[in-house]
Amino acid sequence: DFLPLKCDACGEVFCKDHIRYDDHRCSSAYKKNVQVPVCPLCNVPIPVQRGEVPDTVVGAHMDNDCKYNPAQQKQRIFINKCLKPGCKRKEMMKVVCEQCGGNFCIKHRHPLDHDCKGSSHPTSKA
């Protein structure tokens, strides 16, 4: 196939081996590229209008509108500290005692395991 082919982005003429945008390093490929870029910081898709350079639009988003919070990535998951004296364990979810309303770890969740003083009726050992 020796027919010359015209690039639909830049208008230059190429052979079949160089007609792809990447093969001839087309500087106008962004005009035909319909992919939506994603902000590398906040992972939000950034809308790009035809004719705009995606890199500059994403850069402007990062400078002005980006909601990236570096402290958010360092938030701890295990924040619910056990109230049993001497226990330093933390759980991902609250484990609340029905009798005293305290927050405990899995090991101390039962009233007998944390010496519960919340209820007047005695609890029996299982």
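Sequence order sets the numbering: in each chain, residues are counted from 1 along the sequence as written. Given that the model is predicted, a residue must reach a pLDDT of at least 70 before its local features are reported, and side-chain atom pairs must reach 80 or more before they are shown or counted; all residues, however, enter totals for whole chains, interfaces and linings. Based on all heavy atoms of the structure, the side-chain values leave hydrogens and waters out of the count.

If you look the protein chain up in an unreviewed UniProt entry, it shows as ZFN2B protein from Atlantisia rogersi.

A few words now on the overall build of the protein chain. Counting from the N terminus, the helices are the DSSP runs of H or I reaching at least four residues and the strands are the DSSP runs of E reaching at least two. Within the protein chain, the regular secondary structure consists of two helices and four strands. Order of helices (α) and strands (β) in the protein chain, N terminus to C terminus: β-β-α-α-β-β. Think of it in three bands: with a 1.4 Å probe and only protein chains considered, a residue is buried below 20% of the maximum accessible area for its type, exposed above 50%, and partly exposed in between. Taken over 126 residues, the protein chain has a buried fraction of 22%. Working rule for contacts: check all heavy atoms of both residues, and any pair within 4.5 Å makes them a contact. Counting only contacts in the protein chain whose residues sit at least 6 apart along the sequence, the fraction spanning at least 24 positions is 10%. All accessible-area figures derive from a Shrake-Rupley calculation using a 1.4 Å probe, and residue coverage is judged against the displayed protein chains alone. Accessible surface, the protein chain as shown: approximately 10,300 Å² in total, 52% of it carbon and sulfur.

We now examine unusual backbone geometry. Positive phi is not limited to glycine here, since Asn43 has a value of about 60°. Within the secondary structure layout, Asn43 lies in the loop between strand S2 (13-14) and helix H1 (54-64). Given the relative accessible area of 58%, Asn43 is considered exposed. Backbone geometry at Asp115 places phi at a positive 50°, although glycine is not the residue there. With respect to the secondary-structure elements, Asp115 resides in the segment after strand S4 (90-91). Take Asp115: its relative accessible area is 49%, and that puts it in the partly exposed class.

Together, Ile77, Phe78, Met92 and Met93 give the surface a local cluster of nonpolar side chains, amounting to about 460 Å² of exposed area. Secondary-structure assignment places Met92 in the segment after S4. Patches were defined on residues exceeding 30% relative accessible area and lacking a salt bridge, with like-charge contacts within 9 Å and nonpolar side-chain contacts (Val, Leu, Ile, Met, Phe, Trp, Tyr) within 5 Å. Criterion for a salt bridge: a side-chain nitrogen of Lys or Arg within 4 Å of a carboxyl oxygen of Asp or Glu.

If you look at the biggest cluster of nonpolar residues, it comprises six residues: Cys82, Cys87, Cys97, Phe104, Cys105 and Cys116. In this structure, Cys105 is in contact with Cys82, Cys87, Arg89 and Glu91, ignoring residues within four places of it in sequence. We define the nonpolar core as a collection of buried residues of types Ala, Val, Leu, Ile, Met, Phe, Trp, Tyr and Cys that are connected through side-chain atoms lying within 4.5 Å of one another.

Let's shift gears to the side chain of His61. Its place among the elements puts His61 in helix H1. Setting aside anything within four residues of it in sequence, one finds His61 in contact with Cys39, Cys42, Ile46 and Cys66.

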